[in-house]
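Take a look at the letters that make up each chain.
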Amino acid sequence: MSTTRPCSPGDRGPESSDAPGASEGGAPGAVTSEGGGAATVASGSPGGRQVRRLSFDGASGVVPLARDFARQALYAWSWLPADTADRRAAAEDVLLVVSELVTNACLHAEGPDGMVLSCDSKGIRVEVSDRGAGQPAPRTPHRAGRPGGHGMFIVQRLCLDWGVVRTPGVTGKTVWAELGAPA
């Protein structure tokens, strides 16, 4: 299920500090987002890494919710608004990877549990956790004309690296992907 909006949040610029998913001054805190998920923003983590977490508990329309959450993070981290075509392309790549990872969790793993975005001067890491047992992999051989099965191929092509983390004795996994910062 998707939410309907008169215009894309990215077309309006960043939301005000009293909007869902935002926090004052980048201070850590939890807020409820429009789609029912809970967001946590942590600023100034060790190593200058900034982290934002989104829980999908009780949320509907998780793919647009994840994209909106990621777009707000890109504004907070000054990836948007983009002043060059390369910077805009880098931000769009992040949004596409978020969409692909969350969609894969919906299609193949009973839906996502949460998403973590972290950023430092080198790039952004996207992590999507779910309860699924499957192993994501790009479809090989990749056939561009065949419908479906392109998600992990896209992630592989756009990212510096990606992988899967499992915790022994715990159901599910976390699929992560890292994208480089724009030049």
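It should be noted that the structure appears before, not after, this text.
Summary of the structure given here. Just so you know, these numbers come straight off a predicted model, no measurement behind them.

Criteria and cut-off values
Residues numbered from 1 in each chain as written. Predicted model: local features only at pLDDT ≥ 70, side-chain atom pairs only at ≥ 80, totals over all residues. Heavy atoms only, no water. Helix = DSSP H or I, 4+ residues; strand = E, 2+ residues; numbered from the N terminus. Buried < 20%, exposed > 50% of the residue type's maximum accessible area, 1.4 Å probe, protein only. Core = buried A, V, L, I, M, F, W, Y, C linked by side-chain atoms within 4.5 Å. Pairing = 2+ DSSP bridges. Axes fitted to C-alpha atoms, helices over the stretch in contact; angles between N-to-C directions. Parallel < 35°, antiparallel > 145°, perpendicular 65-115°, else oblique. Left-handed = near helix turned anticlockwise from the far one by under 90°. Contact = heavy atoms within 4.5 Å. Nonpolar A, V, L, I, M, F, W, Y, C, P; charged D, E, K, R; others polar.

Quick word on the environment of G58
Thought 1: As for its placement among the helices and strands, G58 is situated in the loop between strand 3 (50-55) and helix 2 (62-76).
Thought 2: Judged by its relative accessible area of 76%, G58 is exposed.

Looking at the nonpolar core
Thought 1: Core analysis: the largest hydrophobic core is formed by 37 residues, its most contacted members being V98, L101, M115, L117 and V126.
Thought 2: No other element matches the 9 residues that helix 3 (residues 85-108) contributes to this core.

Points about the pairing of strand 4 (residues 112-120)
Thought 1: Of all the 9 residues making up strand 4, 7 are buried; the element is thus mostly covered by neighbouring parts of the structure.
Thought 2: The pairing of strand 3 with strand 4 spans 6 bridges and is antiparallel. Of the residues in strand 4, the one forming a bridge with S55 is G114.
Thought 3: Across 8 bridges, strand 4 lies against strand 5 (residues 123-130) in antiparallel orientation.

Details of the packing of helix 2 against helix 3
Thought 1: The interhelical angle for the contact between helix 2 and helix 3, taken along N-to-C directions, is 150°, at an axis separation of 9 Å. Taken together, the axis directions place helix 2 and helix 3 in an arrangement best described as roughly antiparallel. Relative to helix 3, helix 2 is oriented so that their crossing is right-handed. Seen from helix 2, the contacting residues are V62, V63, A66, R67, A70, R71 and L74; seen from helix 3, they are A91, E92, V94, L95, L96, V98, S99, V102, T103 and C106.
Thought 2: Residue composition of the contact of helix 2 with helix 3, grouped by class: 12 nonpolar, 2 polar and 3 charged.

In short, geometric facts, not functional conclusions.
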